[in-house]
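Here is how the chains run, residue by residue.
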Amino acid sequence: MSKITFDEIIESVARESDKSKSFTRAFLKDLTKAIRSELENGEKVNIAGLGKFELENVAEKEGYNPQTDERMTIPAHHKVVFKPYKNLRETVNAPYAHLEPQLIDEDSIDSRDEDAEEQQAETATHPPVNRVFNVAKMPGRPADKSLRNETLSDWSLWISAGAGVAGLAIVAAGAWLFFRRNK
Amino acid sequence: MNTNEIVSHLAANNNMSKAEARRMLDAFVDTLTTSLGNEQGFSLPEIGTFDVNTREERQSYNPYQKKYMILPPKRVVRFHPNQDLKEAVK
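These numbers were taken from a predicted model, which means no experiment stands behind them.

1. Quick notes on the overall build of chain B
Thinking step 1. For chain B, the helix and strand inventory stands at three helices and five strands.
Thinking step 2. Written out in order from the N terminus, the α and β elements of chain B read α-α-β-β-β-β-β-α.
Thinking step 3. For chain B, the proportion of its 90 residues judged to be buried stands at 49%.
Thinking step 4. Counting only carbon and sulfur atoms, one obtains 43% of the accessible surface of chain B, whose full area is about 4400 Å².

See below:
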């Protein structure tokens, strides 16, 4: 993913608002300083059309250093989060905006899973591609991630299928008891 | 601090009218939105970096309707605060 520099942002803002670059630079530096000092004072900052910056509480938790395997407590602290407003969210998601969630039934879940396993056996070197949404030709779509992602999603699939079956069993048992009592 | 307060602050600091400050802020918001829309990230001094991340499609379950569905992939804005801003707000 490419990046643009702060200078390019300054140039674009200067062009759009007919101001000199040095004036725009001072203005934007002022803006970022204001946002920062506000956050440091624990306040939130709303910028119309863009989003809001605010502080979130993070509770104390246990962590460990993966290099030394040493356990430690990470103390409770605040972190800065940015929540984009609707306009920005929609602009960023524009290429995928036409996609809707697709309903599937449990049979097709099982077959999807088997397909994935078969493909995995056939092409051991390449991760299986088993997608419903064909976004391969969309601009800016990164190449398929590692195999780990696929196995992870398979796991969640099994877990959700198991939860569904368990739920059905409970409902069936409840209905049976109910009708027996009403006889 | 809301947008009006930012505009007043900027106008006072830079010897300009509020309308002018508002126009420049809007130009700034516009620039950032277009940039992120083109999947171009950037970093702002003192604050942090912004970029665009693609979320893969995923399976989901609606327990009320008892239905499975596949949620489409989507792109989201990601923000990483600067290291020293992180330290400062701790």
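2. Here we look at the nonpolar core
Thinking step 1. In terms of nonpolar packing, the biggest core is built from 42 residues, with A:Ile9, A:Leu28, A:Phe53, B:Phe28 and B:Phe50 touching the most fellow members.
Thinking step 2. Tallying contributions element by element places helix 2 (residues 18–37) of chain B first for this core, with eight residues.
Thinking step 3. Shared between two domains, this core takes at least three residues from each, and those domains are domain 1 (1–38) and domain 2 (41–90) of chain B.
Thinking step 4. Among the nonpolar cores identified, the runner-up in size contains six residues, and A:Ile104, A:Phe133, B:Tyr68 and B:Ile70 belong to it.

3. What about the interface of chain B and chain A?
Thinking step 1. The interface is formed by 59 residues belonging to chain B together with 72 residues belonging to chain A.
Thinking step 2. Overall, the association of chain B and chain A removes approximately 6300 Å² of surface from exposure, summing both partners, and the carbon and sulfur fraction of that is 67%.
Thinking step 3. Contact with chain A buries surface across chain B, with B:Met1, B:Met24 and B:Tyr68 losing the most and accounting together for 13% of the total.
Thinking step 4. For the pair chain B and chain A, the number of links is two salt bridges.
Thinking step 5. A salt bridge links A:Arg36 to B:Asp84, with the nearest nitrogen and oxygen atoms 3.4 Å apart.
Thinking step 6. Remark: the boundary between chain B and chain A carries 15 residue pairs in polar contact (both at pLDDT 80 or more).
Thinking step 7. For the side of chain B that touches chain A, the leading source of residues is helix 2 of chain B, giving 15 residues.

4. Some thoughts on the packing of aromatic side chains
Thinking step 1. Taken as a whole and judged by the stated rule, the model has eight aromatic pairs over all chains.
Thinking step 2. Measuring from ring centre to ring centre gives 5.5 Å for A:Phe53 and B:Phe79, while their planes differ by 75°; the resulting arrangement is edge-to-face. Of this pair, A:Phe53 sits in strand 3 (residues 51–58) while B:Phe79 sits in strand 5 (residues 74–81), each in a different chain. Accessibility classification places A:Phe53 together with B:Phe79 in one group, the buried group.
Thinking step 3. Taking 4.7 Å as the distance between ring centres and 40° as the angle between the ring planes, the aromatic pair formed by B:Tyr61 and B:Tyr68 counts as tilted.
Thinking step 4. Joined through ring pairs, the aromatic side chains of A:Phe53, A:Phe82, B:Phe42, B:Phe50 and B:Phe79 make up one cluster.

5. Describing the sheet that holds strand 3 (residues 58–62) of chain B
Thinking step 1. A sheet is described by the order of its strands in space; here three strands give the open sequence 7(A)-4(B)-3(B), paired in antiparallel fashion. The sheet is open, and its two borders are formed by strand 7 (102–104) of chain A together with strand 3 of chain B, each paired with just one other strand. Ignoring which end each strand starts from, the neighbouring axes of this sheet average 35° apart.
Thinking step 2. Both strand 7 of chain A and strand 4 (residues 67–71) of chain B contribute to a ladder of three bridges, which runs antiparallel. Paired with A:Ile104 across the strands is B:Tyr68, a residue of strand 4 of chain B.

6. Structural notes on a positive patch on the surface
Thinking step 1. Taken together, the side chains of A:Lys86, A:Arg89, B:Arg55, B:Arg58 and B:Lys74 make up a positively charged region of the molecular surface.
Thinking step 2. Residue position: B:Arg55 is located in strand 2 (residues 48–55).
Thinking step 3. What makes B:Arg55 partly exposed here is its relative accessible area of 42%.

7. Brief notes about the confidence of the model for chain A
Close inspection of predicted coordinates is inappropriate in any region flagged by low pLDDT.
Residues and elements named next belong to chain A.
Thinking step 1. Looking at chain A as a whole, its pLDDT mean stands at 77, while 71% of the residues score no less than 70.
Thinking step 2. Averaged pLDDT values for the elements of chain A fall to 52 in helix 4 (residues 106–122) and rise to 93 in strand 6 (residues 77–84).
Thinking step 3. This model gives residues 116–128 a pLDDT under 50, and the stretch forms 14 contacts once residues within four places in sequence are excluded.
Thinking step 4. Across residues 139–152, confidence stays below pLDDT 50; counting only partners more than four residues off in sequence or on other chains, it has 19 contacts.

The rules behind the values
- Residues numbered from 1 in each chain as written.
- Chains lettered and ligands numbered in written order.
- Predicted model: local features only at pLDDT ≥ 70, side-chain atom pairs only at ≥ 80, totals over all residues.
- Heavy atoms only, no water.
- Helix = DSSP H or I, 4+ residues; strand = E, 2+ residues; numbered from the N terminus.
- Buried < 20%, exposed > 50% of the residue type's maximum accessible area, 1.4 Å probe, protein only.
- Areas by Shrake-Rupley, 256 points an atom, 1.4 Å probe, with all protein chains shown as cover.
- Core = buried A, V, L, I, M, F, W, Y, C linked by side-chain atoms within 4.5 Å.
- Domains from an automatic or database assignment.
- Contact = heavy atoms within 4.5 Å.
- Buried area = accessible area lost by both parts, 1.4 Å probe.
- Salt bridge = Lys/Arg side-chain N within 4 Å of Asp/Glu carboxyl O.
- Polar contact = N/O pair within 3.5 Å; in protein donor to acceptor, adjacent residues only side chain to side chain.
- Phe/Tyr/Trp six-rings, centres within 6.5 Å; stacked < 30°, edge-to-face > 60°.
- Pairing = 2+ DSSP bridges.
- Axes fitted to C-alpha atoms, helices over the stretch in contact; angles between N-to-C directions.
- Patch = residues over 30% accessible without salt bridge, like charges linked within 9 Å, V, L, I, M, F, W, Y side chains within 5 Å.
- Lys, Arg positive; Asp, Glu negative; His and termini not counted.
- Charge placed at Lys NZ, Arg CZ, Asp CG, Glu CD.
- pLDDT = per-residue confidence, 0-100.

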